[in-house]
Amino acid sequence: MFQDKLHRVFFGTIPALFCCSIGLTLVNATARPQAPVTSAAQTKKLADLMPEGDGKKLVVARCHNCHSLETTINAHHDRKEWDATLQRMINLGTYLTDDDRKLVLDYLVANYPPKDADSAATPLATPPSSPK
Ligand code: HEC
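Values in this document were obtained by computation on a predicted structure and should not be read as measured data.

(A) Expanded view of the overall build of the protein. The secondary structure content of the protein amounts to seven helices and zero strands. Secondary structure elements of the protein occur, N-terminal to C-terminal, as α-α-α-α-α-α-α. Across the 132 residues that make up the protein, the buried fraction comes to 10%. Residue pairs in contact within the protein that sit at least 24 positions apart in sequence constitute 68% of those at least 6 positions apart.

Following this line, the structure appears as C-alpha cells:
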C-alpha cells in the first residue's frame, strides 16, 4: 500500500518537473529575445549579411561574446563615436591589439556610418541641386 503511494508520488512528480522546466525555458527565451550570448548559428547568419572587409573576421570573432553581433552591426556611428565605442568595449574586456583595433575601426566606420550619411550615400537619394 505504502509502496503504491510512493510509486504514484514519484511518477507523478517527474512529469510535473519536466513540464515545469520546459515552461521555464520557454518563458526565459521569450522574455529575453536579446539573450546576451547568441548561438553560433545566429552569429553566422548575421555574419553572412555583413559586407566583406579586412576587419570583418575580427568583428565577427570578438564583438558578439557579451551582446549579440546584432548590437554591433545595428549601431551607426561616425569615426569619433566608433572610436569611443571601441575604447569602451576594450575597457570592458574586449581583446584587440592596436593593429586589430585599427582594422576594426576602419571596417565599422566604412560599413556602419551614421544613418543620415548612410542614406545620403545610397544611389537612390536625389543629389542636392548644384549651386549656380
Ligand atoms: C566584454 C564584453 C563586450 C565585448 C567583448 C564587446 N562589447 Fe560591445 N558592449 C558591451 C556592453 C556591456 C555594452 C553596453 C554598455 C555600453 O554601451 O558601454 C556594449 C554596447 C555596445 C554597442 C552599443 C552602444 C554603442 O556605442 O553604439 C556597440 C555598437 C558595441 N557594444 C560594439 C561592440 C564591438 C564593435 C565589439 C568588438 C570590438 C564589442 N562591442 C565587444 C560589452 C562588450
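(B) Representation of the site of the ligand in the model. Neighbouring the ligand are 18 residues; Cys63, Cys66, Ala75, Thr85 and Gly93 lie closest to it. Secondary structure elements with two or more residues in the shell around the ligand: α3 (56-62), α4 (69-73) and α5 (79-92). For the shell around the ligand, the element with the most residues is α5, which contributes five residues. Of the residues that constitute the shell around the ligand, the class distribution is nine nonpolar, seven polar and two charged.

(C) Spatial organisation of the nonpolar core. Residues Val59, Cys63, Leu69, Ile73, Trp82, Val104, Tyr107, Leu108 and Tyr112 constitute the largest nonpolar core, which totals nine residues. Of all the elements in the fold, those that place two or more residues in this core are α4 and α6 (98-111). Setting aside its immediate chain neighbours within four residues, Val104 contacts Gly55, Leu58, Val59, Leu86 and Leu96.

(D) Seen up close, the packing of α5 against α6. α6 packs onto α5 with a crossing angle of 135 degrees between their chain directions and a minimal axis gap of 10 Å. In terms of orientation, α5 and α6 fall into the oblique class. The chirality of how α5 crosses α6 is right-handed. Of the residues in α6, those in contact with Arg79, Trp82, Asp83 and Leu86 of α5 are Arg101, Val104, Leu105, Leu108 and Val109. The residue inventory of the contact of α5 with α6, partitioned by class, reads six nonpolar, no polar and three charged.

(E) The arrangement of the environment of Leu49 in detail. One can find Leu49 in helix α2 (residues 40-49). By C-beta crowding, Leu49 is classed as exposed, having 9 other C-beta atoms within 10 Å.

(F) View of the confidence of the model for the protein. When the pLDDT values of the protein are averaged, the result is 78; 60% of them are 70 or greater. With pLDDT under 50 throughout, residues 14-36 is counted as low confidence; its partners more than four residues away or in other chains account for three contacts.

(G) Up close: the environment of Ala75. In this structure, Ala75 sits in the loop between α4 and α5. Looking at Ala75, the number of C-beta atoms within 10 Å reads 13, which means it is partly exposed. Separated by 39 residues in the primary sequence, Ala75 and Pro114 have C-alpha atoms spaced 8.2 Å apart.

Calculation rules
- Residues numbered from 1 in each chain as written.
- Predicted model: local features only at pLDDT ≥ 70, side-chain atom pairs only at ≥ 80, totals over all residues.
- Helix = DSSP H or I, 4+ residues; strand = E, 2+ residues; numbered from the N terminus.
- Buried ≥ 20, exposed ≤ 12 C-beta atoms within 10 Å, placed from the backbone.
- Contact = placed C-beta atoms within 7 Å.
- Near = placed C-beta within 6 Å.
- Nonpolar A, V, L, I, M, F, W, Y, C, P; charged D, E, K, R; others polar.
- Core = buried A, V, L, I, M, F, W, Y, C linked by C-beta atoms within 7 Å.
- Axes fitted to C-alpha atoms, helices over the stretch in contact; angles between N-to-C directions.
- Parallel < 35°, antiparallel > 145°, perpendicular 65-115°, else oblique.
- Left-handed = near helix turned anticlockwise from the far one by under 90°.
- pLDDT = per-residue confidence, 0-100.

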